[in-house]
Amino acid sequence: MLFLLTALITGQLAAGQRRRARQAERREREAVVLYDVVRLVGDPDLKGALNAVAERLRRELDLLAVAIEVIDDGDTTVRIVVGDAEAVRTMSSMPTELLSEGEAPSRERRAAPGRWVRVVPPHIPGAARRAGHGDVHVVPVKSQGQRAGTILLAHPLDAPEFESADDRLLSAVAAQLGLAIERRRLRREATEAEALRRTDELRAALLNAVSHDLRTPLASIMASAGSLLQKDVPWTEEERDQFAAAIERESGRLNRIVGNLLDLSRIQKELPPVPLDYVEIDQVLSNLVENAVKYSPPGTEIQISAQRHGEEIWIEVADCGPGIPVEAMPLLFKPYRRLEGEEPRPKSTGLGLAVARGLVEAHGGRIWAENRRDGGAKFIFTLPLSPHNRTAMAQQEQTA
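Nothing here was measured: the structure is a model prediction, and the numbers come from that model.

Quick notes on the rules
- Residues numbered from 1 in each chain as written.
- Predicted model: local features only at pLDDT ≥ 70, side-chain atom pairs only at ≥ 80, totals over all residues.
- Heavy atoms only, no water.
- Helix = DSSP H or I, 4+ residues; strand = E, 2+ residues; numbered from the N terminus.
- Buried < 20%, exposed > 50% of the residue type's maximum accessible area, 1.4 Å probe, protein only.
- Areas by Shrake-Rupley, 256 points an atom, 1.4 Å probe, with all protein chains shown as cover.
- Contact = heavy atoms within 4.5 Å.
- Pairing = 2+ DSSP bridges.
- Axes fitted to C-alpha atoms, helices over the stretch in contact; angles between N-to-C directions.
- Salt bridge = Lys/Arg side-chain N within 4 Å of Asp/Glu carboxyl O.
- Parallel < 35°, antiparallel > 145°, perpendicular 65-115°, else oblique.
- Left-handed = near helix turned anticlockwise from the far one by under 90°.
- Patch = residues over 30% accessible without salt bridge, like charges linked within 9 Å, V, L, I, M, F, W, Y side chains within 5 Å.
- Phe/Tyr/Trp six-rings, centres within 6.5 Å; stacked < 30°, edge-to-face > 60°.
- Core = buried A, V, L, I, M, F, W, Y, C linked by side-chain atoms within 4.5 Å.

Looking only at helices and strands, one finds eight helices and ten strands in the chain. Here the chain holds 400 residues, and 31% of them are scored as buried. If you sum the accessible surface of the chain, you get close to 25700 Å²; carbon and sulfur atoms cover 55% of it.

Those residues of helix α7 (residues 352-362) that sit buried are Leu353, Ala354, Ala356, Leu359 and Val360. For α7, the elements touching its buried residues are α6 (278-294), β9 (367-371) and β10 (377-384). Positioned one or two residues after α7, Gly364 has a phi angle of 80°, which is positive.

The element strand β8 (residues 312-318) is largely enclosed, with a buried count of five among its seven residues. As defined by bridge partners, strand β7 (residues 303-309) adjoins β8 across seven bridges and the pair is classed as antiparallel. Pairing of Gln307 across the sheet is with Trp314, part of β8. Hairpin connection, β7 to β8: the antiparallel pair is bridged by two residues, and Gly310 has positive phi, about 65°. When β8 meets β10, the two strands line up antiparallel, connected through seven bridges. When the bridges of β10 are listed, Val317 appears paired with Phe379.

Okay, the sheet that holds β8 next. With antiparallel pairing, the four strands of this open sheet are ordered in space as β7-β8-β10-β9. With partners counted over all chains shown, the strands left at the sheet margins are β7 and β9, one partner each. Looking at each pair of strands side by side, their axes are set apart by 25° on average, direction ignored. The sheet strands contacting α6 are β7, β8, β9 and β10, and the helix crosses β10 at an angle near 170°.

A few words now on the pattern of salt bridges. Pairing between side chains of opposite charge can happen when their charged atoms approach one another. Applying the stated rule across the entire model yields 16 salt bridges. A salt bridge links Arg59 to Glu55; its shortest N-O distance comes to 3.5 Å. Residue Arg59 and its partner Glu55 are located together in helix α2 (residues 46-60), separated by four residues, close to a single helical turn. When its relative accessible area of 51% is taken as the criterion, Arg59 is described as exposed. Assessed through its relative accessible area of 24%, Glu55 is described here as partly exposed. Among the ionic pairs, Glu189 bridges to Arg185, the shortest N-O distance being 2.5 Å. Of this pair, Glu189 and Arg185 both sit in helix α4 (residues 164-229), four residues apart, which is roughly one turn of the helix. Note on Glu189: relative accessible area 39%, which makes it partly exposed.

Put simply, α6 and α7 touch, their axes get as near as 9 Å, and they point 150° apart. The angle between the axes of α6 and α7 places the two elements in the roughly antiparallel class. In terms of crossing hand, the pair formed by α6 and α7 is left-handed. Residues Glu280, Gln283, Val284, Asn287, Leu288 and Asn291 of α6 touch α7, and the partners they reach there are Gly352, Leu353, Val355, Ala356, Leu359 and Val360.

Quick look at a nonpolar patch on the surface now. A contiguous nonpolar patch, built from Leu276, Tyr278 and Val279 and spanning about 350 Å² of accessible area, is present on the exposed surface. Note that Tyr278 resides in helix α6.

Attention now goes to the packing of aromatic side chains. Here a ring pair, both rings aromatic, is described through the centre-centre distance and the interplanar angle of the planes. In total, this model carries four aromatic pairs according to the counting rule given. With centroids separated by 5.0 Å and ring planes inclined at 85°, the aromatic side chains of Trp235 and Phe243 adopt a geometry described as edge-to-face. Plain terms: the ring middles of Trp314 and Trp368 are 5.2 Å apart, the flat faces sit at 85° to each other, and that makes the pair edge-to-face. In this pair, Trp314 sits in strand β8 while Trp368 sits in strand β9, placing the two residues 54 residues apart along the sequence.

For the rest of this paragraph, the subject is the nonpolar core. Core analysis: the largest hydrophobic core is formed by 31 residues, its most contacted members being Ile68, Ile151 and Leu170. Those elements that place two or more of their residues in this core are α1 (2-40), α2, β1 (65-72), β2 (76-83), β5 (133-143), β6 (146-156) and α4. When residues in this core are grouped by element, the largest group, seven residues, is from α4. If we skip the residues at most four places from it in the chain, Ile151 touches Leu57, Val66, Ala67, Ile68, His137, Val138, Val139, Val141, Val173, Ala174 and Leu177. Core analysis: the second largest hydrophobic core is formed by 22 residues, Val284, Phe333, Val360 and Ile367 among them.

What follows deals with the environment of Thr96. Mapped onto the elements of the fold, Thr96 is located in strand β3 (residues 96-99). Residues within four places of Thr96 in sequence aside, it is in contact with Val117, Arg118, Val119, Val136 and Val138.

A few words on unusual backbone geometry. The residue Asp62 is not glycine, and still its phi comes out positive at about 55°. Following the sequence through the fold, Asp62 ends up in the loop between α2 and β1. Note on Asp62: relative accessible area 60%, which makes it exposed.

What follows is the structure, encoded as structure tokens:
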């Protein structure tokens, strides 16, 4: 009898240890997956992050397919799908299980996972369940208390139901996606606020500069015109000519200032924000403009422009100089190299273009030179619009 009692107690202890070991394994898996999801959703490339999260969930929970759909940037919908294509096609027409919100944690108790609620959509002719496919489980994604997306899980028909640990994991993943969407919104608003702040600073600086530039010619015009109107002063003909010349000269100056202001008002800045190091890109532009000045005739234009090409911004510095010999093209961005020819060239260290190339490539961009059809040369460099593209382009450059 004692032997049987001892065996029973030993068996119960072993079963308890196995149960605790399984619980520890599930919690470890839950913590590892959640940690990975937190890192994945931090990727600035939202579509790539969602794809990685969906694939991780599909493999971790042994699902047929996973689809994630979120609302980003106001009303833009981002949707990705991974897994069995057949299961994906039947997702929208099959009965679903909706994971409700569980109890929030407090100081006295832990958070409780939500429960699955059966949802049967209206019958659609020809939309019968496919053999071998189970239900679709739906996990809502919320941001600031509002619906911001959905996680769809195609669960195999013969697979066991989700356990409470799975429910906690799915709820935590949905919460992290909601936080990621909220962070993107805050970053976007911060960028817009910074753009407005800089616009206000530019406006204030412009008003200060304009007020000073306008007052100077206006004061001279008013003084000269007032002097001419003084009938009690016997001005000589030479003095009257000087007053008239001053009025004409300052009026021309005033006209140029107003013309510049009108040109400035017609500029439409429709380029998106570009992540860059201000000091380094300022150095690139300075080197290119300095190079253009060296090789351009006095009084000619140097044009600077920027355009968007796909996921890059192209910045161009063009001059009206003699152009670049074809044989010199491969040597332009080499250190200590200068263009040589029959005409005398300005002296320089030959490092300006090499430095510009190094700084541009450090940003994940490219730089090259071309000759213009109507004469002169142009230097073009690119900057990627996102850090993700910058990293990818830098890797391409290294493997090329």
